[in-house]
Structure formats: structure tokens, C-alpha cells
Amino acid sequence: MKKFSLIFCITLIFFLIINIFIVFTWPIYSEFNSKKHSYKQEQKELLNLSEENLVILHNESWRNYDKFRFVPFLGHSETKRVGKFVNFTEKNGRKVKRPSLCKENIYLYGGSTTFGYNVTDNQTIGHYLQELISNDGCVFNHGRAYYYSKQENNLFINHLENNKKIDHAIFLDGINERCGGYEYANHINNSFNLLVERPFLMWKISLKNFLFTLPMVQFTNSLSKSDRWIQDNDNNILNIESCDSKIELNELYEARLLVRESICRKNNINCYSFLQPMAGTHGFQVEKLLSKEYEAILKKKYQILSKAKGYIDLGFVLDDDKSLSYIDGVHYSPASNKKIALKLFSYLK
């Protein structure tokens, strides 16, 4: 028994030392990584930035990528960002250089492709659209990471409830379309369950959370590229076949488009719902940036969503591309953002 106790104590002390060591050394490791970027040569040519600025863009795009805040009825939302190339506020969205006085307001809704991950403020769809509109209107880029049609609808409703003046609303859907809920929904639900659990049973949930958040566990996850969050497999954007075998994804998408159309008509807003160009199906992409497995998933998702009604297909915009259409696996290159903005402008006219 004494031998067992000794082994247990040594193991426990060793375990504590490892976790304490990670707590103090991980920030140093993270800081070291922040002094370099992971852009490949093809991406560098598309961005046309110096090595120093590439590091800045990479950090501003991805270092705080997973730091979201919770917003009722929306789920997660981007946090405020202030930087050289990436700027965002909850009120105005991704930075766009707008005129001081506007005849009309154009609101953009979508996921990270609309936000413009991996490109600078002046390489986004919103920026190029503002240049085309000139002084006749103001563009507000409210793209958010992971957002899909249902979240976009809810954000649109929030803006209307807060008396935002919206003359035109543009929605870019497709890549993130899912059955329901939102990213991190399972993790948020897990935290909520702790609050409403019986007092004498709360320790079960809190213990699970405690073990999951230990530095040793999270550091191991980061090395193995595992997700830090407790995900809900039934709510994954890669789950595209059907939603619990009850309704097809294209039928859900179409239902959300009908809700959106009704809101727009009731509020006298010109709304445009676009099925966005998707890597693997539209434009030019290389396997170095998009795996064959993920390409197949995106192709299948596009085929399913294209069965819906009530949208405008934008895929053709990138069909004649001879150079890379995407800055990474799914996000658009500056040139693609410009092409998409030009097509959006044609509809606004």
C-alpha cells in the first residue's frame, strides 16, 4: 500500500510539474511562432506583400481566430479587431473606407469568405464593392467566420431591430451551410448544462470541463491538430447528406431563403441571395491548398445546395480563371474578391 501511495504521489507531482511547465513555456512558444507566417509562394504572389507585412497579416487573421464572443440568437461572433490589415467592430463590421454621407446603405452578410480571411481590409469584397459604388452608397461588411444562411438571417433581423438603415442586403451562402445551430453550440450547451444542474451533481460536468482544459491536454491537442472544442458531429458543416434523415440540406436552405425574402419584402429592402463560388467546383485551385477529400465534400455540398430555389448562382464568375482563385483552401484571392464585387455591383445597378 505504501508503495502504491508513493507511486501515486510521484505521478501526481510529475503531472502537476508538466502542466505548470506548459503554462509558463507555451506563451513563449506562441510568441516565437508569431514571428513567422505559413504562406506558400503561390499565396505570397497573390497577396503582394513584404515578408514583414505577411507576418502581420497572418497574425491578425489567425492568431485570435478562435477568440469569439457569444451573442444571443447568433451564437458566436467576431470580437473587435484593431490592426494594420484586419479591423472589425460589431457595429460596422469589417473595415471599409466609406464616404461620410451616403445616399444608400448596402449590407453584406456571409461567412469568412465575405469577411475576407487571409486578405487585407482593402482586398475584401466589401472594399472593392465600395470602390465601384463610389460616393453613392456605403458598404457594411458583416461577414463572420462560420456563418451560414440561418445566422445571417438572425444577424439581419438584429440589425433591423436596432433601426439600422438598410437599403440593399446581399447574402453570400454556400460553404458553411449546415443543418442547424452554430459553431461551438455543443460547447456552449455544455457550459449551460453546468448552470442548471442540481447543485450536488455540478461537480460531474465541471470535472469534465476541468480535465479537458488542462494545459497538458490542450497542448497535446494543438500538436495533433485536434480541435480544442467539444464539437457536435451532427452540427458539422461537413455533414451534408441530410439532417438527422429528416430533411435534405437543400430544402432547409430553401426554407431559410423564403424566410429572408419575406423579411426583405416586409421591410422594403432590396435583397439578393447568392450561392457563392466554391473551391473544387469553381475557379482554379491546387491540391497544395485544398485536399482531394475536402474538395470532394465541397463539390457534393454545391450539388446539393444547387437543387434549392430562390438564389442567384455566382459560380460562373470564376470559371475562366487561369491563376489561383483562392488564397487558401476556400477563401478567395484578392482578384476573385474583385470579380465577385463587380458582379454584385451589376445586380445593384
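Residues numbered from 1 in each chain as written. Predicted model: local features only at pLDDT ≥ 70, side-chain atom pairs only at ≥ 80, totals over all residues. Heavy atoms only, no water.

S.K.: I keep staring at the overall build of the chain and nothing clicks. Help me out?
M.R.: Helix and strand counts for the chain come out as 12 helices and 9 strands. The C-alpha radius of gyration of the chain comes to 22 Å, within 12% of the 20 Å expected for a compact globule of 349 residues. Each principal axis of the C-alpha distribution contributes one length, and for the chain these read about 85 × 50 × 40 Å. Across the 349 residues of the chain, 46% fall into the buried class. (Helix = DSSP H or I, 4+ residues; strand = E, 2+ residues; numbered from the N terminus. Rg over C-alpha atoms; globule rule 2.2 N^0.38 Å. Buried < 20%, exposed > 50% of the residue type's maximum accessible area, 1.4 Å probe, protein only.)

S.K.: Would you take a moment to explain unusual backbone geometry for this structure?
M.R.: Glycine aside, negative phi is the norm for most residues, and most peptide bonds take the trans geometry. Within the chain, Asn 48 stands out as a residue other than glycine whose phi angle is a positive 55 degrees. In this structure, Asn 48 sits in the loop between α2 (41-47) and α3 (51-63). According to the relative accessible area criterion, Asn 48 is exposed, its value standing at 67%. Look at Asn 163: it is not a glycine, yet its phi comes out positive at around 60 degrees. Note that Asn 163 resides in the loop between α6 (149-161) and β7 (168-173).

S.K.: Which parts of the structure should I look at to understand the side chain of Glu 78?
M.R.: Relative to the helices and strands, Glu 78 is located in strand β2 (residues 75-78). The class of Glu 78 is buried, set by a relative accessible area of 1%. In terms of polar contacts, Glu 78 uses its side chain to reach the side chain of Arg 81, at 3.0 Å. Reaching out from Glu 78, the side chain makes a polar contact with the backbone nitrogen of Ala 145 at a distance of 2.9 Å. Dropping the residues within four chain positions of it, Glu 78 is found in contact with Phe 68, Arg 69, Phe 88, Glu 90, Phe 115, Tyr 117, Arg 144 and Ala 145. (Polar contact = N/O pair within 3.5 Å; in protein donor to acceptor, adjacent residues only side chain to side chain. Contact = heavy atoms within 4.5 Å.)

S.K.: What exactly am I supposed to notice about the packing of helix α5 (residues 125-133) against helix α12 (residues 334-348) here?
M.R.: The relative placement of two packed helices is expressed as an angle between their axes plus a distance between the axes. Packing of α5 against α12 brings their axes to within 8 Å, and their N-to-C directions diverge by 45 degrees. Taken together, α5 and α12 sit at an angle that is classed as oblique. Handedness of the crossing formed by α5 with α12: right-handed. Every residue of α12 that contacts α5 at Ile 125, Tyr 128, Leu 129, Leu 132 and Ile 133 is listed here: Pro 334, Asn 337, Lys 338, Ile 340, Ala 341, Leu 342, Leu 344, Phe 345 and Leu 348. Looking at the contact of α5 with α12, its residues break down into 12 nonpolar, 1 polar and 1 charged. (Axes fitted to C-alpha atoms, helices over the stretch in contact; angles between N-to-C directions. Parallel < 35°, antiparallel > 145°, perpendicular 65-115°, else oblique. Left-handed = near helix turned anticlockwise from the far one by under 90°. Nonpolar A, V, L, I, M, F, W, Y, C, P; charged D, E, K, R; others polar.)

S.K.: Help me out: how do you make sense of the state of the cysteines in this one?
M.R.: A covalent bond bridging the sulfur atoms of two cysteines is what the word disulfide describes. Under the defined criterion, the tally for this structure stands at 2 disulfides. The residue that forms a disulfide with Cys 102 is Cys 138, at a sulfur-sulfur distance of 1.5 Å. Remark: Cys 138 occurs in strand β6 (residues 137-143) and Cys 102 occurs in the loop between β4 (93-94) and β5 (104-110); sequence separation between them is 36 residues. On the accessibility criterion, Cys 102 (30% relative accessible area) is partly exposed. With its sulfur 1.9 Å from that of its partner, Cys 264 forms a disulfide with Cys 271. On the sign convention where negative means left-handed, the S-S torsion of about -90 degrees between Cys 264 and Cys 271 marks this disulfide as left-handed. A residue is classified by how much of its surface remains accessible, and Cys 264, at 4% relative accessible area, is buried. (Disulfide = S-S within 2.5 Å.)

S.K.: Any chance you could explain the side chain of His 331 here in plain terms?
M.R.: Mapped onto the elements of the fold, His 331 is located in the loop between β9 (312-313) and α12. Taking relative accessible area as the criterion, His 331 reaches 8% and is therefore assigned buried. Those residues in contact with His 331 that sit more than four places away from it in its chain are Trp 62, Ser 112, Thr 113, Tyr 117 and Tyr 326.

S.K.: What's the story with the layout of surface pockets in this structure? I'm lost.
M.R.: The rolling of a water-molecule-sized probe over the atoms marks out the regions of remaining empty space. Considering only enclosed or pocket space, the second largest pocket measures out at about 200 Å³ in volume. The wall of the second largest pocket is formed by 13 residues, among which Leu 257, Glu 261, Cys 271, Ser 273 and Gly 310 lie closest to the centre. Sorting the residues of the lining of the second largest pocket by element identifies α10 (249-266) and β8 (270-275) as the ones contributing at least two each. Of the residues forming the lining of the second largest pocket, the biggest block, 7 residues, is contributed by α10. The class makeup of the residues in the lining of the second largest pocket is 6 nonpolar, 2 polar and 5 charged. (1 Å grid on protein atoms, 1.4 Å probe; cavity = no way out; pocket = protein on both sides within 12 Å on 5 of 7 lines; lining within 4 Å. Points joined across faces, edges and corners; volume = space filled by probe spheres on them.)

Shape is all these values report; function is a separate question.
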